[in-house]
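Structural overview for review
Single-letter residue listing:
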Amino acid sequence: MKIINIGVLAHVDAGKTTLTEQILYQSGVKSRAGSVDRGDTTTDSLDIERRRGITVKSAAVSFWVGDELKVNLIDTPGHADFISEVEHSLSVLDGVILVISAVEGVQAQTRVLMQTLKQLGMPTLLFMNKIDRMGADYAKVRNMIRSLLDEHICEMNIVENEGCEEVRLQEADPLSARWLETLAAHDDELLRLYAEDVPLTSERLHKELIQQTKDGKAFPLFAGSAAKGMGVKHLLDCLGDFIPSNAATGSKPAEDRPLSGIVFKVVKDRAGERAAFIRLFAGQLRLRDEVQVISRNGPERMLKVKQLQFLQGDKRTAASLVSAGDIAVMTSAELFVGDVIGVRSGRIRDFAFHKPPIQVNVLAEHAQDPTALSHALSALTIEDPFLEYQHDQNTQEHTIRVFGKVQQEVLAETIWEEYGIRVSFSPPRVMCIEKPVACGKSAEFIGEAGNPFWATVGFRVEPGPAGSGLTYNLEVELGSLPLSFQKAIQETVAETLNEGLYGWPVTDITVTLTHTGYASPVSTAKDFRRLVPLVLMDALSRAGTVVYEPVGSARMILPENSLSKVLSRLAQLEGTFQEPDFQGKVAHLNATIPVRTADTLKAELHSLTNGEGMLSIKPVGYAKVRSVFPENERRQLNPLNRGEYLLRLNKIME
């Protein structure tokens, strides 16, 4: 038995959920295809998804093609605000179906998705949907795909009379569809045969397309109408050829290798229990086994498999064993997105994901149990850890991280439907970060003038490697302090660096503990927790920090006559850009723009280009703020103001 795991991706409203329904219907999972308009789709199972007609959470189902191929299918959100759901899913897929509308053509999110798929080398099948709809133009959209997504396209269908009920499809002949010209670009032998005009068989070209698709070098283009079921069977019949299965590596079958899998999704089921979806890359997961779990940010631990399921159609079925290549579902409150089950293997992708750049306060509209909102947001963060929920005990503020307005609206509806709490959000705040620019040292000793605490602490701070976050080192012997004191120091270092010199979280920093001391029996962990912020921030102020703001990579397609207006506005919005690439009277422009001004560009592009421009923006990290560094409002006691810090500590202690 072969198993493949595929995703269905698209720009919103391209018809991917409708395609998923037709796949389930034509593969025998459902007796009839569900409809987004009727609200009876399998993968859009949440009330909010059915009401809005959009996918919010990735959903997994399975079906069979013939008797030998099991396909696990993941339907992902199409809106850019839910990109984290897509990113989680991509890390566990063997291949993707990317849906493109024959009416609207290539859209902004389509380009972002295709760029990511190409970077991953992901086998990708393109499905041009809605060829029966009024306004469908197969040739025009095919040319858009070649110019905007990738030129290495092999047409799988001949389309006639598109845009009406009489549309007809037939399978394309590889020779007349001129596959050779496309495939020769990645194969020297084919290029030689093409140059020498040597005739090739359709079978040879089909075999070559299969290999280049698996290698992520060529992309088969299918056409059809998901709503009418046209072209779906052809797509299904080709899945086993074009998408690689969890094949044996080396001499051992994958299921005979050490257990290796990753948690890519966590949901709360109707009974209130947490179900973790695990893609298994190697080995076998057995009921009642003790398995190793490697947390993303924590220690390794052992976990007993108490409940185990696998995907069977649109349901989950109890299992005693799930093998490599398949998706297992474990019921456990101890598993989180990103946890590795067993050992970390080369098949597990470490996805460089950029967390949401916007922070908002969540406000309950009516007074109620103060723990209710905290419980709701904590539960939602387990399903989507990128929300990064925080509850400030001092101000009682609840904050989360989001990508945009639509995500906030969906969260508000979800909290109301699942927890009965009406919420609103504060104006969004773009979250910057700080990074140290030099080395700084500081230390304070017991009995020294100005040190009121029974503790000695010294730190050295210095820049860390890009992307390293916080690195904590010891230059003192581990046994020089009681373990509780060591733990208090390390925890307080992490807490203190949530607010740097300008009030932003400090990252890419190495903190080394250089001095320690205590006086038994009077010293307590509290002495260290209160002294650490003073010493650490003094060291950081000596090192200095630079503020970085989140930026997005913007790709634009513009009419040539509007380029100067767009470049001028982009400069005003503090963006930077590369040399434009001209194709006829169309300019392709790559730029970088701060997140704080990106919405302005989105809103104005239509008027700047007379409605002809196209823009896609993807988070790409951070860039140094070029103007005056912004400051963030502090929520902790400020150790940079020593007098006020000590005074407020004394009041707290009183």
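**A closer look at the overall build of the protein**
When its secondary structure is counted, the protein shows 16 helices and 34 strands. For 654 residues, the compact-globule estimate of 2.2 N^0.38 gives 26 Å, and the protein sits close to it at 28 Å. With respect to the three principal axes, the spread of C-alpha positions in the protein is 90 × 65 × 55 Å. For the protein, the proportion of its 654 residues judged to be buried stands at 54%. Surface summary for the protein: the accessible area is close to 29500 Å², and the carbon and sulfur share equals 49%.

**Considerations on the environment of Val12**
Positionally, Val12 belongs in the loop between strand E1 (2-10) and helix H1 (16-26). Given the relative accessible area of 23%, Val12 is considered partly exposed. Each C-alpha atom of the pair Val12 and Cys432 lies 29 Å from the other, and the pair is 420 residues apart in sequence.

**A short note on the pattern of salt bridges**
Enumeration according to the criterion identifies 28 salt bridges in this entry. Note that Arg168 is salt-bridged to Glu160, the shortest N-O span being 2.7 Å. By relative accessible area, which is 27% here, Glu160 ends up partly exposed. Where Glu499 meets Arg634, a salt bridge forms, and the shortest distance between an N and an O atom there is 3.8 Å.

**Notes on the sheet that holds strand E28 (residues 470-474)**
The 4 strands lie next to each other as E26-E27-E29-E28, forming an open sheet whose pairing is mixed. The strands lining the two open edges of the sheet, one partner per strand, are strand E26 (440-444) and E28. Neighbour to neighbour, the strand axes of the sheet diverge by 20 degrees on average, direction disregarded. Across 8 bridges, the pairing between strand E27 (residues 456-463) and strand E29 (residues 509-517) is antiparallel.

**Quick word on unusual backbone geometry**
With omega at 5 degrees, the peptide bond leading from Ser520 into Pro521 counts as cis. Within the secondary structure layout, Pro521 lies in the loop between E29 and helix H13 (525-543). Here Asp197, not a glycine, exhibits a phi torsion of approximately 60 degrees, which is positive. Along the chain, Asp197 turns up in the loop between helix H7 (188-195) and helix H8 (202-214). For Asp197, a relative accessible area of 66% translates into the label exposed. We note that Arg288 has phi near 75 degrees; this positive angle belongs to a residue other than glycine. With respect to the helices and strands, Arg288 occurs in the loop between strand E12 (284-286) and strand E13 (290-294).

**Remarks on the sheet that holds strand E10 (residues 260-268)**
Across the sheet, which stays open at both edges, the 8 strands sit in the order E14-E13-E19-E10-E11-E18-E15-E16 with antiparallel pairing between neighbours. Looking at strand neighbours, the two that pair on one side only are strand E14 (300-304) and strand E16 (315-318), the edges of this open sheet. Recorded for the sheet is a direction-independent mean angle of 35 degrees between the axes of neighbouring strands.

**Digging into the pairing of strand E5 (residues 124-129)**
Of all 6 residues making up E5, 6 are buried, and the element is well covered by its neighbours. Covered by surrounding structure in E5 are Thr124, Leu126 and Met128 together with Leu125, Phe127 and Asn129, the residues of both alternating faces. Both strand E4 (residues 95-101) and E5 contribute to a ladder of 6 bridges, which runs parallel. Across the sheet, the residue bridging to Leu98 is Leu126, located in E5.

**Overview of the state of the cysteines**
Going through the model one piece at a time under the given rule, you end up with 0 disulfides. With no disulfide of its own, Cys154 lies 12 Å from the sulfur of Cys238, the closest cysteine sulfur. Accessibility expressed as a relative area gives 0% for Cys154, which makes it buried.

**Comments concerning the nonpolar core**
Formed by 46 residues in total, the largest nonpolar core has its most connected members in Leu9, Leu90, Leu126, Ile145 and Phe277. Leave out the neighbours within four places in its chain, and Leu9 touches Lys16, Thr76, Val86, Leu90, Val96, Ile97, Leu98, Val99, Leu113 and Leu117. Formed by 41 residues, the second largest nonpolar core is a distinct cluster that contains Val8, Ala218, Leu235 and Leu236.

**Let's talk about helix H9 (residues 232-242)**
Burial analysis of H9 places 8 of its 11 residues in the buried class, which makes it a mostly covered element. Among the residues of H9, Val232, His234, Leu235, Leu236, Cys238, Leu239, Gly240 and Phe242 are the ones counted as buried.

**Regarding the confidence of the model for the protein**
Per-residue confidence for the protein gives a mean pLDDT of 87; residues scoring 70 or more make up 91%. Low pLDDT, under 50, characterises residues 48-56; the stretch is placed with 36 contacts to residues that sit more than four places away or in other chains.

**Observations concerning the packing of aromatic side chains**
For the coordinates displayed, the defined rule picks out 5 aromatic pairs. Where Phe485 meets Tyr518, the ring centres are 5.6 Å apart and the plane angle is 80 degrees; that geometry is what we call edge-to-face. Taken together, the residues Phe485 in helix H12 (residues 483-496) and Tyr518 in the loop between E29 and H13 connect sequence positions 33 residues apart. Look at Tyr518 and you get partly exposed, because its relative accessible area is 36%. Relative to Phe629, the ring of Tyr502 lies with its centre 5.4 Å away and its plane at 90 degrees, an arrangement referred to as edge-to-face. Pair noted here: Tyr502 is in the loop between H12 and E29 and Phe629 is in the loop between strand E34 (614-624) and helix H16 (642-653), with a separation of 127 residues, a long-range link. Taken together, Phe485, Tyr518 and Phe528 form an aromatic cluster joined through their ring pairs. Cation over ring: Arg274 sits above Phe336, and NZ or CZ is 4.8 Å from the ring centre. In this structure, Lys435 packs its charged tip against the face of Tyr548, placed 4.8 Å from the ring centre.

**A look at the environment of Gly404**
Relative to the assigned elements, Gly404 resides in the loop between strand E22 (398-402) and helix H11 (405-419). On the accessibility criterion, Gly404 (12% relative accessible area) is buried. Measuring from C-alpha to C-alpha, the distance between Gly404 and Gln390 comes to 18 Å, with 14 residues separating the pair along the chain.

**Some words on the side chain of Asp508**
Position of Asp508 relative to the elements: it lies in the loop between H12 and E29. The class for Asp508 is buried, based on a relative accessible area of 6%. For Asp508, the side chain forms a polar contact with the main-chain nitrogen of Ser468, separated by 3.0 Å. Among residues more than four places away in sequence, those in contact with Asp508 are Lys435, Pro436, Pro463, Gly464, Pro465, Ala466, Gly467, Ser468 and Gly469.

**A closer look at the packing of helix H14 (residues 563-572) against helix H15 (residues 595-608)**
One can describe the packing of H14 onto H15 by two numbers: an axis separation of 11 Å at closest approach and a directional angle of 160 degrees. Here H15 runs roughly antiparallel to H14, going by the angle between their axes. You can see that H14 and H15 cross each other, and the crossing is right-handed. Packed against H14, whose contacting residues are Lys565, Val566, Arg569 and Leu570, the element H15 presents Thr600, Leu601, Glu604, Leu605 and Leu608 at the interface. By residue class, the composition of the contact of H14 with H15 is 5 nonpolar, 1 polar and 3 charged.

What counts, and at which threshold
Residues numbered from 1 in each chain as written. Predicted model: local features only at pLDDT ≥ 70, side-chain atom pairs only at ≥ 80, totals over all residues. Heavy atoms only, no water. Helix = DSSP H or I, 4+ residues; strand = E, 2+ residues; numbered from the N terminus. Rg over C-alpha atoms; globule rule 2.2 N^0.38 Å. Buried < 20%, exposed > 50% of the residue type's maximum accessible area, 1.4 Å probe, protein only. Areas by Shrake-Rupley, 256 points an atom, 1.4 Å probe, with all protein chains shown as cover. Salt bridge = Lys/Arg side-chain N within 4 Å of Asp/Glu carboxyl O. Pairing = 2+ DSSP bridges. Axes fitted to C-alpha atoms, helices over the stretch in contact; angles between N-to-C directions. Disulfide = S-S within 2.5 Å. Core = buried A, V, L, I, M, F, W, Y, C linked by side-chain atoms within 4.5 Å. Contact = heavy atoms within 4.5 Å. pLDDT = per-residue confidence, 0-100. Phe/Tyr/Trp six-rings, centres within 6.5 Å; stacked < 30°, edge-to-face > 60°. Lys NZ or Arg CZ within 6 Å of the ring centre and 35° of its normal. Polar contact = N/O pair within 3.5 Å; in protein donor to acceptor, adjacent residues only side chain to side chain. Parallel < 35°, antiparallel > 145°, perpendicular 65-115°, else oblique. Left-handed = near helix turned anticlockwise from the far one by under 90°. Nonpolar A, V, L, I, M, F, W, Y, C, P; charged D, E, K, R; others polar.

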